[in-house]
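Okay, here's what each chain looks like letter by letter:
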Amino acid sequence: MKSDSSSTTGRLPAGVLADAQRWFSGRLLLVAGAVAIAFLALLPVIGLLGEGLSGLSNGNASLRPDGLLQIRGTVVLLLGTSLLGGVIGTANGWLLANCRFPGRRWLRIAQLLPLANPSYLLAATLVDIGSLEGITINGMGWGIVVMALTTYPYVFLLSTESFTICGRRQLEACRSLGVGPWNSFRRIALPMALPAIGAGIALMGMEVLNEYGAVQLLGIPSLSAGIIEAWRIEGNPAGAVGLALITLGIVLILLFGERRLRSRSRRWSEGVAGGESPAWMLSGGRAFAAQVLGALPPLITLGIPLLWGAMNWQQLATGLTPELLLLTLRTLGLALAATLLAGLAALLLAIAKRWSSARWLRGVTFLAGMGYAIPGAVLALALLVIGAPWQLSPILLLLWGYSDRFLAVNKGGIDAALERLSPSLDEAATGLGLRWPAVLKRVHLPLLRGPILVGSLLVFVDTVKELPLTFALRPFDFDTLAVRVYQYAGDERLAAAVWPALMILVLGLVASSALVPRLDRETE
C-alpha cells in the first residue's frame with residue numbers, strides 16, 4: 001500500500017508537469033509568432049538606420065542640393081496645415097458637441113466626409129478645374145488649404161470627444177453666472193481639451209509628411225517627393241537616405257508628442273466631473289453661422305470632386321474600358337491581400353499580448369504598430385534597401401509595405417476590444433481545459449467580429465488610396481487606381497481618369513461610414 005501511494009503521488013507531479021509543458025509550448029509558439037511579426041515590421045526601419053549609419057561612417061551621407069528647400073517646404077506645410085486644420089477641427093468640435101441648432105446631428109456626421117477624399121484627389125480636381133477656368137492653383141497656400149481640409153477630422157474627432165466629457169460642473173457654473181458659449185469655450189473647455197487637440201494635430205502632421213501626390217501637383221518641395229526623386233530618378237541613394245532619416249526624426253517628435261498628449265488628455269478627463277457637458281441653444285444668426293461653419297469644410301472637400309465629375313460627365317460613357325477593369329482588379333487584389341495579411345498579423349499580436357504578462361512583449365507589440373506613423377516614401381525606401389540584396393519581388397515588397405504601414409489600423413481596434421473583455425472569460429475557458437487556440441476560436445473571435453470587420457474595411461480602403469508606397473514600389477507598368485489618377489493629373493489630362501477617381505472616392509465614403517455608428521452614439 002505504501003508503494004502504491006508513493007507511486008500515485010509520483011505520477012501526479014508528472015501529469016502536472018506534462019500539462020505545464022503543453023501549455024508552455026503552445027504559448028511559446030504564440031509569443032514566437034508575435035516576435036517574428038514584430039521583427040518583420042521593424043526590419044525596414046532597422047535596415048534604413050543601418051544604411052544611414054554606414055553612410056556616416058564612410059563619409060557618404062549627404063543631402064541633395066535642394067534638400068534644405070524640401071525640409072523648409074515640409075516644415076512650412078506642416079505648420080500651416082496644423083494651424084488652419086486645428087482651428088477648423090476645434091471650432092467644429094466645440095460647436096457640434098456643446099451647442100444645439102437645427103441640422104447639428106447631420107453636420108456632426110458630415111465631418112467624417114473629408115476622410116473619404118485623398119489629398120491628391122482634391123488637389124488634382126482643383127488644378128483641373130482651375131485650368132479650365134483660367135485660374136492658377138499652385139504653391140504653398142493652396143497646399144495648406146488642401147491638406148487642412150482633408151486632415152482636420154483628426155482634430156475634430158479627438159476634440160469633440162474631449163468637449164463632450166470634460167468639465168461638466170465648470171461649464172454649468174459658467175451658465176449659472178450668465179457666461180456665454182464663447183467665453184465658456186475660451187476659459188474652461190479649450191484649456192481642458194488642449195491635449196486632445198494637440199494629439200489630433202500630431203496625427204495631421206503625420207499625414208502631411210506622408211503626402212506625395214498633392215505636393216507634387218501643387219509644386220511644393222517636400223521630403224516625400226525628394227526621397228522618391230533621389231532614389232528612383234536621380235539614382236542618389238545617399239541623398240534619399242539622408243532625407244528619410246530627417247523625416248523619421250520629425251515623425252518621432254510627432255509620435256512622442258501625440259502619445260504624451262493623449263496620456264495627459266486621459267488624466268485630465270479622469271480628474272474632472274464626468275457626464276455629458278451642458279448645451280447652449282443657438283438660434284437666428286448664431287445658428288446660421290454655426291451651420292455654415294459646420295457645412296463648409298465637408299462641402300468643399302466632397303463637392304469639388306463631385307463638381308469636377310459632373311463637368312466631365314462625357315467621360316463616364318467612354319471611360320469604361322478593359323484597362324479600367326484591369327486597374328480595378330489589380331487594385332482590389334492588392335487591397336484584399338494587404339487586408340488579410342494585416343488582419344492576421346494584428347490579431348496574432350493582440351492575442352499574444354493578452355496571453356502574456358511580459359512587459360517586453362507589450363513593448364515589442366507596441367513598436368510593431370508604429371508603421372502607420374512612418375511616411376510611405378520612407379517605408380518604401382527602407383524596403384528597397386532591405387530587398388535589393390535579396391532581389392525580392394516588387395509585389396512582395398509592396399504587400400510587406402502595406403501590411404507594415406496599416407497593421408496599426410487593425411491592431412488598435414482589436415486591442416481596444418480585448419481590453420473591454422474581462423480576464424475571467426479566459427480563466428473560465430482555461431479552467432475547462434481549453435488552450436489558447438480553442439479560446440480564440442470559441443470566445444474571442446465571436447466577440448471581436450465587429451472590430452475586426454471595421455479595421456479590415458479601413459485597411460482595405462487605405463490600401464486603395466495609398467499613393468507614395470505604391471508609386472515607389474510597384475513593378476514596371478503595374479499601375480493602380482491611385483497611381484493612374486496621379487499620372488493623368490501630372491500630364492494635365494485628369495478627365496481621362498474620371499472613373500478611377502470616382503471609384504476611389506466611393507470606396508473612401510464606405511470607409512468613412514464605418515466610423516458613423518461611433519460618432520452617432522456620442523451624439524446621442
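### Considering the pattern of salt bridges
Scanning the model with the defined rule gives four salt bridges in all. Glu-466 is paired through a salt bridge with Arg-405; the nearest N and O atoms lie 3.4 Å apart. Placement of Glu-466 in the loop between α19 (436-465) and α20 (468-473) and of Arg-405 in helix α17 (residues 394-419) is noted, with a sequence separation of 61 residues between them. According to the relative accessible area criterion, Glu-466 is buried, its value standing at 5%.

### Observations regarding the side chain of Lys-465
Tracing the chain through its elements places Lys-465 in helix α19. Buried charged residue Lys-465 carries no salt bridge. Nearest counter-charge: Asp-462, at 4.2 Å. Apart from the residues within four sequence positions on either side, Lys-465 is in contact with Leu-115, Ala-116, Pro-118, Tyr-120, Ala-482 and Ile-504.

### Focus: the nonpolar core
By size, the foremost hydrophobic cluster in this structure holds 120 residues, and its most contacted members are Leu-48, Trp-94, Phe-101, Phe-163, Leu-381, Tyr-402 and Leu-467. Ranked by size, the runner-up nonpolar core spans 25 residues in total, among them Leu-349, Ile-351, Leu-361 and Val-439.

### Description of the environment of Ala-193
The residue Ala-193 is located in helix α8 (residues 181-210) in this model. The exposure class assigned to Ala-193 is buried, which follows from its relative accessible area of 1%. Ala-193 sits 103 residues away from Thr-90 along the chain, and the two C-alpha atoms are 9.1 Å apart. Non-local contacts of Ala-193, meaning those with residues more than four positions away in its chain, are made with Ser-162 and Phe-163.

### Digging into unusual backbone geometry
With phi around 55°, Gln-391 is a residue other than glycine that occupies positive phi space. As for its position among the elements, Gln-391 is in the loop between α16 (376-390) and α17.

### Some thoughts on the packing of aromatic side chains
Counted by the stated rule, this structure contains four aromatic pairs. Arranged with centres 5.5 Å apart and planes meeting at 50°, the rings of Tyr-212 and Tyr-486 form a pair that is tilted. In this pair, Tyr-212 sits in the loop between α8 and α9 (213-217) while Tyr-486 sits in helix α21 (residues 481-490), placing the two residues 274 residues apart along the sequence. By relative accessible area, which is 12% here, Tyr-486 ends up buried. Look at Phe-471 and Tyr-486: their rings are 5.5 Å apart centre to centre, the planes differ by 85°, and that puts the pair in the edge-to-face class. Note that Phe-471 is positioned in helix α20 and Tyr-486 in helix α21, a separation of 15 residues in sequence. One cation-aromatic arrangement involves Arg-105 over Trp-106; the distance from NZ or CZ to the ring centre is 5.1 Å. In this structure, Arg-330 is placed above the aromatic ring of Phe-478, and the distance from its NZ or CZ to the ring centre is 4.6 Å.

Procedures and definitions
- Residues numbered from 1 in each chain as written.
- Predicted model: local features only at pLDDT ≥ 70, side-chain atom pairs only at ≥ 80, totals over all residues.
- Heavy atoms only, no water.
- Salt bridge = Lys/Arg side-chain N within 4 Å of Asp/Glu carboxyl O.
- Helix = DSSP H or I, 4+ residues; strand = E, 2+ residues; numbered from the N terminus.
- Buried < 20%, exposed > 50% of the residue type's maximum accessible area, 1.4 Å probe, protein only.
- Lys, Arg positive; Asp, Glu negative; His and termini not counted.
- Contact = heavy atoms within 4.5 Å.
- Core = buried A, V, L, I, M, F, W, Y, C linked by side-chain atoms within 4.5 Å.
- Phe/Tyr/Trp six-rings, centres within 6.5 Å; stacked < 30°, edge-to-face > 60°.
- Lys NZ or Arg CZ within 6 Å of the ring centre and 35° of its normal.

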